[in-house]
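Results of the structural survey
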Amino acid sequence: MAAYTDLKDFLAALEKSGDLRRISAPVDPTLEMSEIVNRTVRAHGPALLFQRPTRGDMPVAINLFGTPERTAMALGVKTLDEIGERIGNMLKPELPMGWSGIRDGIGKVLQLKSMPPKKLKTAPCQELVFKGDKVDLNMLPGLQIWPGDGGIFHNFGLTHTKHPESGKRNLGLYRLQQHSHNTLGMHWQIHKNSTAHHAVAEQLGQRLPVAIAIGADPAVCYSASAPLPADIDEYLFAGFLRNERVEMVDCLTVPLQVPANAQIVLEGYLEPGERAPEGPFGDHTGFYTPVEPFPVLHIEAITMQRDPIYHSIVTSQPPQEDHGLGKATERIFAPLLRFMIPDIVDYDLPAEGVFHNAAIVSIRKRYPKHAQKVMNAIWGAHMMSLTKLIIVVDEDCDVHDYSEVAFRAFGNVDYSRDLLLTEGPVDHLDHSSYQQFWGGKAGVDATRKLPTEGYTRGWPESMVMSPEIVQKVDRRWKEYGL
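The structure presented is a predicted model; accordingly, all values stated were derived computationally and were not measured.

The rules behind the values
- Residues numbered from 1 in each chain as written.
- Predicted model: local features only at pLDDT ≥ 70, side-chain atom pairs only at ≥ 80, totals over all residues.
- Heavy atoms only, no water.
- Pairing = 2+ DSSP bridges.
- Helix = DSSP H or I, 4+ residues; strand = E, 2+ residues; numbered from the N terminus.
- 1 Å grid on protein atoms, 1.4 Å probe; cavity = no way out; pocket = protein on both sides within 12 Å on 5 of 7 lines; lining within 4 Å.
- Points joined across faces, edges and corners; volume = space filled by probe spheres on them.
- Nonpolar A, V, L, I, M, F, W, Y, C, P; charged D, E, K, R; others polar.
- Buried < 20%, exposed > 50% of the residue type's maximum accessible area, 1.4 Å probe, protein only.
- Arc of directions from axis to C-beta.
- Polar contact = N/O pair within 3.5 Å; in protein donor to acceptor, adjacent residues only side chain to side chain.
- Contact = heavy atoms within 4.5 Å.
- Right-handed = clockwise from strand over helix to strand, strands pointing away.
- Core = buried A, V, L, I, M, F, W, Y, C linked by side-chain atoms within 4.5 Å.
- Axes fitted to C-alpha atoms, helices over the stretch in contact; angles between N-to-C directions.
- Parallel < 35°, antiparallel > 145°, perpendicular 65-115°, else oblique.
- Left-handed = near helix turned anticlockwise from the far one by under 90°.

A few words on the sheet that holds strand S16 (residues 310–311). Strand pairing in a sheet relies on backbone hydrogen bonds. The paired strands run either parallel or antiparallel. Taken in spatial order, the 4 strands make up an open sheet running S1-S2-S3-S16, and their pairing is mixed. The sheet terminates laterally at strand S1 (20–23) and S16, the two strands that pair on one side only. One ladder, built from 3 bridges, connects strand S2 (residues 47–50) with strand S3 (residues 60–62); its direction is antiparallel. The residue bridging phenylalanine 50 from the neighbouring strand is valine 60, located in S3.

Tallied over the full model, the rule gives 2 cavities of 30 Å³ or more. Approximately 50 Å³ is the volume found for the largest cavity. Lining the largest cavity, in full, are His284, Ser316, Pro318, Pro319, Gln320, Asp322, His323, Ala351, Val354 and Phe355. Residues that form the lining of the largest cavity fall into these classes: 5 nonpolar, 4 polar and 1 charged. In this structure, the second largest cavity encloses a volume near 30 Å³. Looking at the second largest cavity, the residues that line it are Ala3, Tyr4, Ala74, Leu75, Ala219, Leu241 and Arg242.

Most of strand S7 (residues 169–178) sits inside the fold, with 8 of its 10 residues counted as buried. Judged from the 8 bridges that link them, strand S6 (residues 153–162) and S7 form a sheet pairing that is antiparallel. Across the sheet, the residue bridging to histidine 154 is leucine 176, located in S7. Linking S6 back to S7 in an antiparallel pair, the connection comprises 6 residues, with glycine 167 at a positive phi of about 80°.

The next point concerns helix H1 (residues 7–16). Among the residues of H1, Leu7, Phe10, Leu11, Ala13 and Leu14 are the ones counted as buried. Across the axial projection of H1, the buried residues extend over an arc of 160°, all falling on one side. By the N-cap criterion, in which a side-chain oxygen at the helix start approaches the backbone nitrogen of a residue two or three places on, H1 is capped by aspartate 6, the distance to lysine 8 being 2.7 Å. Glycine 18 lies just past H1 and shows a positive phi near 80°.

With that settled, the discussion passes to helix H2 (residues 32–42). Among all positions of H2, only Met33, Ser34, Val37, Asn38, Thr40 and Val41 are buried. The buried residues of H2 occupy an angular sector of 165° when the element is viewed end-on, so they sit on one face. If you follow the buried residues of H2, they end up packed against S2 and S3.

With that settled, the discussion passes to the pairing of S2. Across the two faces of S2 the burial is the same, with Ala47 and Leu49 and Leu48 and Phe50 all buried. In terms of strand pairing, S1 meets S2 through 4 bridges, oriented parallel. Counted as the bridge partner of isoleucine 23 is phenylalanine 50 from S2. For the segment spanning S1, H2 and S2, crossover handedness is right-handed.

As a rule of thumb, nonpolar side chains are buried together in soluble globular proteins. Of all hydrophobic cores here, the largest spans 78 residues; its most connected members are Leu64, Leu158, Tyr222, Phe237, Ile332 and Val361. When sequence neighbours within four positions are dropped, the list of residues in contact with phenylalanine 237 reads Ile87, Tyr222, Ser223, Ala226, Leu228, Ile332 and Phe333. With 36 residues, the next largest nonpolar core counts Ile23, Phe50, Ile62 and Leu143 among its residues.

For the rest of this paragraph, the subject is the packing of helix H7 (residues 218–225) against helix H8 (residues 234–242). Two measures define how a pair of helices packs: the angle their axes make with one another and the distance between the axes. Interaxial distance between H7 and H8 falls to 9 Å at its minimum, and their mutual angle equals 135°. In terms of their interaxial angle, H7 and H8 are classed as oblique. The handedness of the crossing between H7 and H8 is right-handed. Between H7 and H8, the residues in contact are Ala219, Val220, Tyr222 and Ser223 and Glu234, Tyr235, Phe237, Ala238, Leu241 and Arg242, respectively. Its residues placed into classes, the contact of H7 with H8 shows 7 nonpolar, 1 polar and 2 charged.

Set out below in structure tokens:
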């Protein structure tokens with residue numbers, strides 16, 4: 001399958017496959033559009049292109065990642081596990097043996113060399129340029145999703161910053177509240193790398209340059225949301241996903257680079273020490289996040305393609321479009337998590353847990369308190385540290401079958417002995433913790449218990465039908481008339 005280098009190419013492919021619906025009727029981006037999207041997502045419906053929003057000067061593309069299948073298509077694969085398998089193969093430490101091994105090794109090296117971005121002198125994202133008095137964010141059909149929202153938000157702006165001292169770039173996905181025709185609220189959370197960049201700039205008394213890309217290609221969009229370690233460049237990862245280098249261009253007013261094929265780019269700066277109230281905002285937790293002070297982005301230039309398409313996303317209680325993005329992260333990073341914690345057989349991040357509240361993990365249990373060891377390892381693994389509930393099951397349990405997981409967790413647990421309670425960091429948006437940014441966590445050991453763990457009763461044998469009877473009934477099924 002093809003990797004898409006432009007948002008419009010992906011939309012054309014969705015339309016060809018019958019997975020895009022154009023809405024030609026006028027639709028208000030305040031509340032009406034989000035209600036349509038919510039109903040469509042819950043019905044497992046198609047991507048949507050609102051051609052006549054009643055605010056702004058361009059169509060709105062939304063629900064592009066609404067299912068795991070559509071997300072896989074966006075990233076140029078049949079299943080999301082294919083990308084995880086590529087990562088797993090690159091992590092294997094075995095030395096190549098024979099000519100075929102050497103050939104495979106060379107292929108991996110060439111694959112790595114294809115990742116670095118490619119710089120262009122001119123780019124589609126700069127076909128139209130607005131500076132000074134011509135800067136007007138009202139050209140964009142930003143959304144108000146919920147009645148209690150603090151105003152208009154731009155929800156899929158890819159935020160570019162650089163560390164003021166090292167020059168290392170970061171790409172992140174943060175919501176942006178529109179304060180005026182040329183200012184935005186930067187809601188980047190405490191655990192994010194861009195927050196660290198801004199903190200260093202403020203310590204130095206410097207402005208922090210920022211560039212926002214809207215409507216990039218799907219691989220870049222996903223990479224902005226991926227929980228990558230700080231030392232991995234998001235554009236290297238996007239190139240890996242695409243099997244093709246990402247083309248980038250220098251911004252016109254700030255020392256940053258952005259995707260050459262982005263639909264829209266906002267260029268500006270943060271003044272050190274400046275904050276403004278941001279929010280409330282109806283978030284993916286299903287609740288409004290409160291008003292908090294966040295940095296203010298002053299826009300100095302807006303550039304865009306001719307006939308641009310505005311890309312956004314709706315946030316709400318699951319299921320929602322970010323389900324596709326969350327499942328992509330789960331499957332793509334499964335080999336990396338197993339590489340860091342080899343005890344893990346498989347894992348699942350339920351959408352109902354908003355992908356960081358709960359994790360279901362299967363292990364091949366080998367020794368006493370093995371499950372508790374895995375729990376602690378997960379809480380020490382990068383952004384998995386935000387997980388609040390970990391349920392550990394045996395390897396013969398399908399972690400994606402929630403009924404089977406519930407059967408194990410409800411029946412295999414003595415909660416006076418098999419429950420591990422601790423404290424640690426939680427997501428910035430978590431409303432349940434009594435203190436912001438940290439709170440209680442629980443690990444549930446739903447594995448079979450060993451005598452060496454103090455279980456002396458003799459764990460009972462699971463009921464499994466004999467294979468001969470299963471085969472016999474398979475053969476005769478039509479005879480039964482069922």
